[in-house]
Amino acid sequence: MARMPGSVVLFVALMLVLVAQNQAASIGIAGSQLQAQGNRPARGTTQGSLNHQECAPKCDYRCSATSYKKPCLFFCQKCCAKCLCVPAGTYGNKQTCPCYNNWKTKRGGPKCP
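Residues numbered from 1 in each chain as written. Predicted model: local features only at pLDDT ≥ 70, side-chain atom pairs only at ≥ 80, totals over all residues. Heavy atoms only, no water.

1. Some details on the state of the cysteines
Filter applied, for reference: Cysteine sulfur atoms are paired as a disulfide whenever they fall within 2.5 Å. By the criteria applied, helices consist of DSSP H or I runs no shorter than four residues and strands consist of E runs no shorter than two, each listed in order from the N terminus.
Scanning the entire structure with this criterion turns up six disulfides. Here C83 is linked by a disulfide to C99, with a sulfur-sulfur distance of 2.1 Å. Disulfide C83-C99: torsion about the S-S bond near -65°, hence left-handed. Note that C83 is positioned in helix α3 (residues 69-83) and C99 in helix α4 (residues 98-102), a separation of 16 residues in sequence. If you count the bonded cysteines of the protein chain from the N-terminus, they pair up as 1-7, 2-5, 3-4, 6-12, 8-11, 9-10.

This is the structure we're talking about:
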């Protein structure tokens, strides 16, 4: 009987080690998947990564938060046709699309929303 509690403790310790190894392996796999996804930019956010027919839905989302929808959509689609990209989100993030970011008006202001 004295050996039985020792073997139970050994069994429990072995199970804990196996569970810990399994958790570490699953965290490693999830981390590597997140890293792989994090290194890839979203489609349409880098120069030349869109087709012309993909500009309209991207610009619809880009201009969804503004109160000046008509001019925003007009210039966004014009910029997308030239650059074939639209920055992610409704505002900012222009660094992901240099053409979109660097196209200026005659006065030097940003052409693309």
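2. Considerations on the confidence of the model for the protein chain
Basically, it comes down to this: Along the chain, pLDDT gives the predictor's confidence residue by residue, from 0 to 100. It only takes one pair of heavy atoms within 4.5 Å for two residues to be counted as in contact.
With 67% of its residues at a pLDDT of 70 or more, the protein chain has an overall mean of 78. Low pLDDT, under 50, characterises residues 29-37; the predicted model gives this stretch zero contacts beyond four residues in sequence or across chains.

3. Some points on the layout of surface pockets
If you roll a probe as big as a water molecule over the atoms, it shows you where there is empty space left. Cut-off, in case you're wondering: Definitions used for this entry: grid spacing 1 Å over protein atoms alone; cavity, a set of points where a 1.4 Å probe fits but cannot get out; pocket, an open set with protein on both sides within 12 Å along at least 5 of 7 lines; lining residue, one with an atom within 4 Å of a point. Grid points are joined across faces, edges and corners, and a volume is the space filled by probe spheres set on the points. Throughout this entry, Asp, Glu, Lys and Arg are counted as charged residues, while Ala, Val, Leu, Ile, Met, Phe, Trp, Tyr, Cys and Pro are counted as nonpolar. The remaining residues, Gly among them, count as polar.
Space inside the largest pocket adds up to approximately 150 Å³. Around the largest pocket, the lining residues are R62, C63, T66, Y68, C72, T90, Y91, G92, K94 and P113. A breakdown of the residues in the lining of the largest pocket according to their chemical character gives five nonpolar, three polar and two charged.

4. Quick look at the nonpolar core
Our working definition: Only buried residues count toward a nonpolar core. Its members are Ala, Val, Leu, Ile, Met, Phe, Trp, Tyr and Cys residues joined through side-chain atoms within 4.5 Å. Buried means the residue's accessible area, taken with a 1.4 Å probe over protein chains only, is under 20% of the maximum for its type, while exposed means over 50%, and partly exposed covers the values in between.
In this structure, C76, C80, C83, V86 and Y100 are the most contacted members of the largest nonpolar core, which totals 15 residues. Those elements that place two or more of their residues in this core are α2 (55-62), α3 and α4.

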